[in-house]
Amino acid sequence: MIADALKKSLLQAAIQGKLTEQLPEDGDARDLLREIQKEKAWLVKEGKIKKEKPLPEIQEDEIPFDIPENWVWVRISIIGEIIGGGTPRTDDKRNWVNGDIPWITPADMKNQKERYISQGGRFITKYGLLHSSAQLLQKGTVLFSSRAPIGYVAIAKNELSTNQGFKSITPYHFAMSDFIYYFLLSSRDEIERIGSGTTFKEVSGSTMKNILIPIPPLAEQERIVRKLDELLPKIEALKVEENKLEELEKAFPGKIRASLLQAAIQGKLTE
């Protein structure tokens, strides 16, 4: 459909730096990265996150497209912590009864049209959180379903948790959440292609950590998000009209046949 192709092209233009103007006063994304590294070092020192092994250097043949000079390519785990999820034992009522922590599964996001998500169909208790591999994710964390299927994306509107079907990204700089959200939307086909598995495809934590993301300066990220927020609803409106037209086209032959038969038995088809 035209709307789907337009959406894909628009998102691709956005993450390649072709949707907005690069302004000298924006500075350089490398300055933003230095701020992130300071924040990350502080979190490690405070024991809030673990110190990670050094990531492999980005090779020239890994870079999929050119970006503006004041942007920078990084592996996604440089800008945010990659967090999985878990499912508390369903046969232990202490994990579920009177739970007040929203617990999200990929199925909860199947019909998710909004960017932000606050809850799914079930809630877990604090006991369930502490006695499973589920994690409490901060507001602003970008949820990404990593299996069954790969590619649902949303931003946590409040603290919540997920099952093991996610590799979510908690940014070290929460002002980047919306840009990361749009990047993942634009890249989900490519991410799905690098998934692996026999029963079903899945994106592992190590694969997710090594995904390349182009980073603009923060001011340009905000302009990109504003522009996408302006244009994407228009494309969604076009998609609605396309769906209506498709339904009419499907119904048209049947309606014509019925009209012809009706005209025939009423004597209106022949002289």
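Residues numbered from 1 in each chain as written. Predicted model: local features only at pLDDT ≥ 70, side-chain atom pairs only at ≥ 80, totals over all residues. Heavy atoms only, no water.

Caption draft 1: Just helix α2 (residues 29–45), in detail. In this model, α2 (17 residues) spans 24 Å end to end at C-alpha, consistent with the 24 Å of a helix rising 1.5 Å per residue. Of the positions making up α2, those classed as buried are A29, L32, L33, I36, K40 and L43. For α2, the angular spread of buried residues about the axis comes to 95°, placing them on one side. Residues of α2 that are exposed and point over 90 degrees away from its buried face: K38 and K45. Looking one or two residues beyond α2, the residue adopting positive phi is G47, at roughly 75°. (Helix = DSSP H or I, 4+ residues; strand = E, 2+ residues; numbered from the N terminus. Expected span 1.5 Å × (residues − 1). Buried < 20%, exposed > 50% of the residue type's maximum accessible area, 1.4 Å probe, protein only. Arc of directions from axis to C-beta.)

Caption draft 2: Highlighting the pairing of strand β10 (residues 212–215). Alternating residues of β10 divide into L212 and P214 and I213 and I215, and every residue in both groups is buried. Note: strand β1 (residues 72–75) against β10, 4 bridges, orientation antiparallel. Across the sheet, the residue bridging to V74 is I213, located in β10. (Pairing = 2+ DSSP bridges.)

Caption draft 3: Examining unusual backbone geometry more closely. For the bond running from A148 to P149, omega is 0°, close enough to zero to count as cis. Topologically, P149 is positioned in the loop between β6 (142–146) and β7 (150–156). Look at N98: it is not a glycine, yet its phi comes out positive at around 60°. By the element assignment, N98 lies in the loop between β2 (80–83) and β3 (101–104). With a phi angle near 45°, A148 is a residue other than glycine that sits in the positive phi range. Assignment of secondary structure puts A148 in the loop between β6 and β7. Its relative accessible area of 56% is what places A148 among the exposed residues.

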